[in-house]
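# Structure at a glance
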Amino acid sequence: MTESKIREDKEAMLLLLEDAEMAKRLLSEQQSTRRRIRKLLDDTDFDYVLTADKFIEINESLLDKTMRLTVDLVRGSGRELAKVDFVVLVGGSSRMCGLKSKLENIFKKDVITSIKADEDVARGAALLAAANYNDPDAPNIFLREVTSVDLGVGADEHGTDR
């Protein structure tokens, strides 16, 4: 089983990508994970062990790019890194191993990760819906959108940033 054979097989790539996502999630909570993809290619199973350190090494350039974008975003808003009061990580990939420590290095403060984003997003959506529809049972609160647009980074089909 070679890398080029795997890359040519769309089903094998899909299986590998799905398993890589699972490994990433597991490594946000533990130092290593043993994985097995049954019948990845030509009825051959693929077994591997991935450590958090190896995962960080593999993703180092992406993490560094994320840090550069974060610094640019903060400075572009007219703020200094030292004057940011809190750094809060919420949601999916924010749990990725290596991200928190890199942010703590550039902001020189602890990063808050204790918020249960999935639950809080659902609560916020419910509160917003209740407020928008003047539900008499809704709590008397004021809701303000802090970020009304997605602050994502993407690439076009040529791999260039946008």
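Above this text is the structure in question.
Remember, it's a predicted structure, so these values are computed and weren't measured experimentally.

Cut-offs used in this document
- Here, residues in each chain are numbered from 1, in the same order as that chain's written sequence.
- Under the rules for a predicted model, residues below a pLDDT of 70 receive no local features and side-chain atom pairs below 80 are neither given nor counted, while totals for whole chains, interfaces and linings still include all residues.
- Only hydrogens and water are removed before side-chain values are computed, so all heavy atoms of the structure are retained for them.
- The nonpolar core is taken to be a set of buried Ala, Val, Leu, Ile, Met, Phe, Trp, Tyr and Cys residues, with the residues joined through side-chain atoms within 4.5 Å.
- When accessible area is computed with a 1.4 Å probe and restricted to protein chains, residues below 20% of their type maximum are described as buried, those above 50% as exposed, and intermediate ones as partly exposed.
- Only DSSP runs of H or I with at least four residues qualify as helices, and only runs of E with at least two residues qualify as strands; both kinds are numbered from the N terminus onward.
- Here, two residues are considered to be in contact whenever any of their heavy atoms come within 4.5 Å of each other.
- For salt bridges, the criterion is a side-chain nitrogen of Lys or Arg within 4 Å of an Asp or Glu carboxyl oxygen.
- To estimate how far a helix should extend, the number of its residues minus one is multiplied by 1.5 Å.
- Comment: arc refers to directions from the helix axis out to C-beta atoms.

Once that is clear, we can look at the nonpolar core. By size, the foremost hydrophobic cluster in this structure holds 25 residues, and its most contacted members are Leu27, Leu50, Phe55, Val87, Leu99, Leu103 and Phe107. For this core, the secondary-structure elements that each account for two or more residues are helix H2 (10-27), strand S1 (32-41), strand S2 (44-51), helix H3 (52-58), helix H4 (60-76) and helix H5 (99-107). Broken down by element, the residue count for this core peaks at four residues, all from H4. If sequence neighbours within four positions are ignored, leucine 27 has contacts with Ser32, Thr33, Leu50, Thr51, Ala52, Phe55 and Cys97.

Turning to the pattern of salt bridges, a few remarks are in order. For the structure shown, the criterion picks out eleven salt bridges. Measuring nitrogen to oxygen at the nearest pair gives 3.2 Å for the salt bridge that ties lysine 54 to glutamate 57. Placement of both lysine 54 and glutamate 57 in helix H3 is noted, with a separation of three residues, approximately one turn of the helix. Across the salt bridge formed by glutamate 104 and lysine 100, the nearest N and O atoms sit 3.9 Å from each other. Taken as a pair, glutamate 104 and lysine 100 lie in helix H5 at a separation of four residues, close to a single helical turn. Judged by relative accessible area, glutamate 104 falls into the partly exposed class, the value being 22%. By relative accessible area, lysine 100 is classed as partly exposed at 34%. When salt bridges that share partners are traced, they join Glu21, Lys24 and Arg25 into one network.

When you line up the elements, aspartate 120 lands in helix H6 (residues 117-132). Taking the C-alpha atoms as reference points, aspartate 120 and glycine 91, 29 residues apart in sequence, are found 10.0 Å from one another.

Here H4 spans 24 Å end to end across 17 residues, near enough to the 24 Å set by a 1.5 Å rise per residue. Within H4, the full set of buried residues consists of Leu63, Met67, Val71 and Val74. One side of H4 holds all its buried residues, which, seen down the axis, span an arc of 75°. Among the exposed residues of H4, those oriented more than 90 degrees off its buried face are Ser61, Leu62, Asp72 and Gly76. Here the buried face of H4 lies against H3 and H5. Directly beyond the C-terminal end of H4, a positive phi value near 85° is found at glycine 78.

The values are spatial; any link to function lies outside them.
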